[in-house]
Amino acid sequence: GDFISLNVHGDLTDIVVSKNGLCIFTSSLTYGINTLLRKVQSTLKNTSATSDSLISLLYGGKLEESEEKRVRKFIDPIVNGWVSEFMKVISSLAKLDSRLQIPRIIYLSSNDHEQVFKGALTSYHDNGINFEVISYENTDMYMLALKSML
């Protein structure tokens, strides 16, 4: 099938694009979970552990409305930066072949804060592009999907 597989980890996001069951493109973004935590830590001037907890509280719906608005004001631009970098890579692929339709299904794997990345992709609606994001339970499923393309 046609899909994009994303594995967000450490300081990278691995991208695999599959068309008709064949891997046609691979790339990596130098933006992963640790990058997200460092950017939040730097922006909010707190510790990595506090940033980690704050992201978990925010995406777990555990913050009061006023605190959620305050935190989103800082975190949303950071997360949108990740989506922008991802879309630059995908757009460059589309420019290589104007006949290529970018797959709309994304299989997402992340060993932490998956809801952050899933939410960012799901809410992306630029240039008529809407993604269906399917989460992997763990990276074992991600590896199984990659092996199925070989």
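Look above for the structure.
All values reported here derive from a predicted model rather than from experimental measurement.

Draft legend 1. Representation of the packing of aromatic side chains within the structure. Tallied over the entire structure, the rule returns five aromatic pairs. Taken together, the aromatic side chains of Trp82, Phe86, Phe117, Tyr124 and Phe131 make up a single cluster linked through ring pairs. Positioned over the ring face of tyrosine 59 is arginine 72, at 5.2 Å from the centre of the ring.

Draft legend 2. A look at unusual backbone geometry. Of note, the phi angle at asparagine 20 is positive, near 50°, even though the residue is not glycine. Mapped onto the secondary structure, asparagine 20 falls in the loop between strand S2 (12–19) and strand S3 (22–29). The backbone phi angle of lysine 45 is positive, close to 55°, even though this residue is not glycine. Residue position: lysine 45 is located in the loop between helix H1 (33–44) and helix H2 (48–59).

Draft legend 3. Quick peek at the sheet that holds strand S5 (residues 132–135). Spatially, the five strands line up as an open sheet ordered S3-S2-S1-S4-S5, and their pairing is mixed. Every other strand in the sheet has two partners, leaving S3 and S5 as the edge strands with one partner each. Each strand of the sheet is rotated relative to its neighbour by a mean of 20°, with strand direction disregarded. On top of the sheet, helix H4 (residues 114–122) reaches strand S1 (3–9), strand S4 (105–110) and S5; it is set at about 160° to S4, its chief contact.

Draft legend 4. Representation of the pattern of salt bridges. Evaluated as defined, the whole model comprises eight salt bridges. Across the salt bridge formed by lysine 69 and glutamate 65, the nearest N and O atoms sit 3.5 Å from each other. Of the two residues, lysine 69 and glutamate 65 both sit in helix H3 (residues 65–96), four residues apart, roughly one turn of that helix. On the accessibility criterion, glutamate 65 (56% relative accessible area) is exposed. Salt-bridge contacts for glutamate 67 lead to arginine 70; the nearest nitrogen and oxygen are separated by 3.0 Å. Linking glutamate 67 with arginine 70, this pair stays in helix H3, spanning three residues, or about one helical turn. For glutamate 67, a relative accessible area of 27% corresponds to the partly exposed category. Via salt bridges that share partners, Glu68, Arg72 and Asp76 belong to a single interconnected network.

Draft legend 5. A look at H3. In this model, H3 (32 residues) spans 44 Å end to end at C-alpha, consistent with the 46 Å of a helix rising 1.5 Å per residue. Helix geometry: H3 is bent most strongly at arginine 72, by close to 40°. Taken residue by residue, H3 has Val71, Ile75, Ile78, Val79, Trp82, Val83, Phe86, Met87, Val89, Ile90 and Leu93 as its buried positions.

Draft legend 6. A look at H2. When the terminal C-alpha atoms of H2 are compared, their 17 Å separation across 12 residues agrees well with the 16 Å that a helix rising 1.5 Å per residue should span. Among the residues making up H2, those that are buried are Ser51, Leu54, Ile55 and Leu58. Down the axis of H2, the buried side of the element spans an arc of 100°, and every buried residue falls inside it. Its buried side turned inward, H2 meets H1, H3 and H4. With its phi angle positive at about 70°, glycine 61 sits one or two positions after the end of H2.

What counts and how
Residues numbered from 1 in each chain as written. Predicted model: local features only at pLDDT ≥ 70, side-chain atom pairs only at ≥ 80, totals over all residues. Heavy atoms only, no water. Phe/Tyr/Trp six-rings, centres within 6.5 Å; stacked < 30°, edge-to-face > 60°. Lys NZ or Arg CZ within 6 Å of the ring centre and 35° of its normal. Helix = DSSP H or I, 4+ residues; strand = E, 2+ residues; numbered from the N terminus. Pairing = 2+ DSSP bridges. Axes fitted to C-alpha atoms, helices over the stretch in contact; angles between N-to-C directions. Contact = heavy atoms within 4.5 Å. Salt bridge = Lys/Arg side-chain N within 4 Å of Asp/Glu carboxyl O. Buried < 20%, exposed > 50% of the residue type's maximum accessible area, 1.4 Å probe, protein only. Expected span 1.5 Å × (residues − 1). Bend = angle between axes of the 7 residues up to and from the residue. Arc of directions from axis to C-beta.

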